[in-house]
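# Overview (structure and organization)
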Amino acid sequence: MLMSNTDRPARLHYMANGFRVLSTGDHVVCAVSGQRIPLEDLRYWSVALQEPYASPDLAMKAMAPQ
(Lines give C-alpha, C1' and ligand atoms only; values in the text may rest on other atoms or scores of the structure.)
Protein backbone atom coordinates (compact mmCIF):
# COMPACT_ATOMS: atom_id res chain seq x y z
CA MET A 1 0.00 0.00 0.00
CA LEU A 2 1.28 3.46 -0.88
CA MET A 3 1.75 5.93 1.94
CA SER A 4 -0.02 9.27 1.56
CA ASN A 5 1.66 12.53 2.59
CA THR A 6 -1.70 14.20 3.06
CA ASP A 7 -2.26 15.72 6.47
CA ARG A 8 1.24 14.84 7.65
CA PRO A 9 3.85 17.42 8.70
CA ALA A 10 7.13 17.41 6.81
CA ARG A 11 10.54 17.74 8.47
CA LEU A 12 12.76 20.19 6.60
CA HIS A 13 16.32 21.47 6.71
CA TYR A 14 16.19 25.20 5.95
CA MET A 15 18.96 26.70 3.83
CA ALA A 16 19.63 30.22 2.53
CA ASN A 17 18.00 29.64 -0.87
CA GLY A 18 15.59 26.83 -0.17
CA PHE A 19 14.98 23.80 1.96
CA ARG A 20 15.65 20.09 1.86
CA VAL A 21 12.95 17.58 2.79
CA LEU A 22 14.16 15.26 5.55
CA SER A 23 10.81 13.57 6.13
CA THR A 24 7.98 13.76 3.61
CA GLY A 25 4.71 15.49 4.38
CA ASP A 26 2.39 18.11 2.94
CA HIS A 27 2.90 20.99 5.40
CA VAL A 28 4.96 22.53 8.20
CA VAL A 29 3.73 24.39 11.27
CA CYS A 30 4.54 28.08 11.79
CA ALA A 31 6.87 28.47 14.79
CA VAL A 32 5.06 31.62 15.96
CA SER A 33 1.36 31.16 15.19
CA GLY A 34 1.01 27.38 14.97
CA GLN A 35 -0.66 27.81 11.57
CA ARG A 36 -0.27 25.01 9.04
CA ILE A 37 1.73 26.08 5.98
CA PRO A 38 1.43 23.93 2.85
CA LEU A 39 4.92 23.27 1.46
CA GLU A 40 4.02 24.91 -1.85
CA ASP A 41 3.20 28.13 0.06
CA LEU A 42 6.26 28.16 2.35
CA ARG A 43 8.23 31.38 1.71
CA TYR A 44 9.63 32.46 5.10
CA TRP A 45 11.98 30.64 7.46
CA SER A 46 15.03 31.12 9.64
CA VAL A 47 18.20 29.28 8.69
CA ALA A 48 19.76 30.02 12.11
CA LEU A 49 16.72 28.90 14.11
CA GLN A 50 15.62 26.20 11.61
CA GLU A 51 11.96 27.15 11.85
CA PRO A 52 9.23 28.18 9.38
CA TYR A 53 6.92 31.22 9.48
CA ALA A 54 3.53 31.79 7.88
CA SER A 55 4.16 35.46 6.94
CA PRO A 56 6.92 38.07 6.84
CA ASP A 57 5.35 39.80 9.88
CA LEU A 58 5.56 36.60 11.91
CA ALA A 59 9.16 36.06 10.79
CA MET A 60 10.07 39.57 11.95
CA LYS A 61 8.29 38.97 15.25
CA ALA A 62 10.26 35.76 15.83
CA MET A 63 13.59 37.43 15.06
CA ALA A 64 12.98 40.63 17.07
CA PRO A 65 15.12 41.07 20.18
CA GLN A 66 13.25 40.12 23.33
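Below or above, wherever it landed, is the structure these notes cover. Keep in mind it's a predicted model, so treat the numbers as computed, not measured.

Further remarks concern the nonpolar core. Judged by nonpolar contacts, Ala 10, Leu 12, Tyr 14, Val 28, Cys 30, Ile 37, Leu 39, Leu 42, Trp 45, Tyr 53, Leu 58 and Ala 59 together constitute the single largest core of 12 residues. Of all elements in the fold, only β1 (11-15) and α1 (56-63) reach the threshold of two or more residues within this core. Non-local contacts of Ala 10, meaning those with residues more than four positions away in its chain, are made with Ser 23, Thr 24, Gly 25, His 27, Val 28 and Leu 39.

Another point: the pairing of β1. Residues Leu 12 and Tyr 14 line the buried face of β1, whereas the alternating positions Arg 11, His 13 and Met 15 sit on a face that is not buried. Here β1 runs beside strand β2 (residues 18-23); their pairing, made up of 5 bridges, is antiparallel. Looking at the pairing, Tyr 14 lines up with Phe 19 of β2. Here β1 folds back onto β2 in antiparallel fashion, the turn holding 2 residues.

Cut-offs used in this document
Residues numbered from 1 in each chain as written. Predicted model: local features only at pLDDT ≥ 70, side-chain atom pairs only at ≥ 80, totals over all residues. Heavy atoms only, no water. Core = buried A, V, L, I, M, F, W, Y, C linked by side-chain atoms within 4.5 Å. Buried < 20%, exposed > 50% of the residue type's maximum accessible area, 1.4 Å probe, protein only. Helix = DSSP H or I, 4+ residues; strand = E, 2+ residues; numbered from the N terminus. Contact = heavy atoms within 4.5 Å. Pairing = 2+ DSSP bridges.

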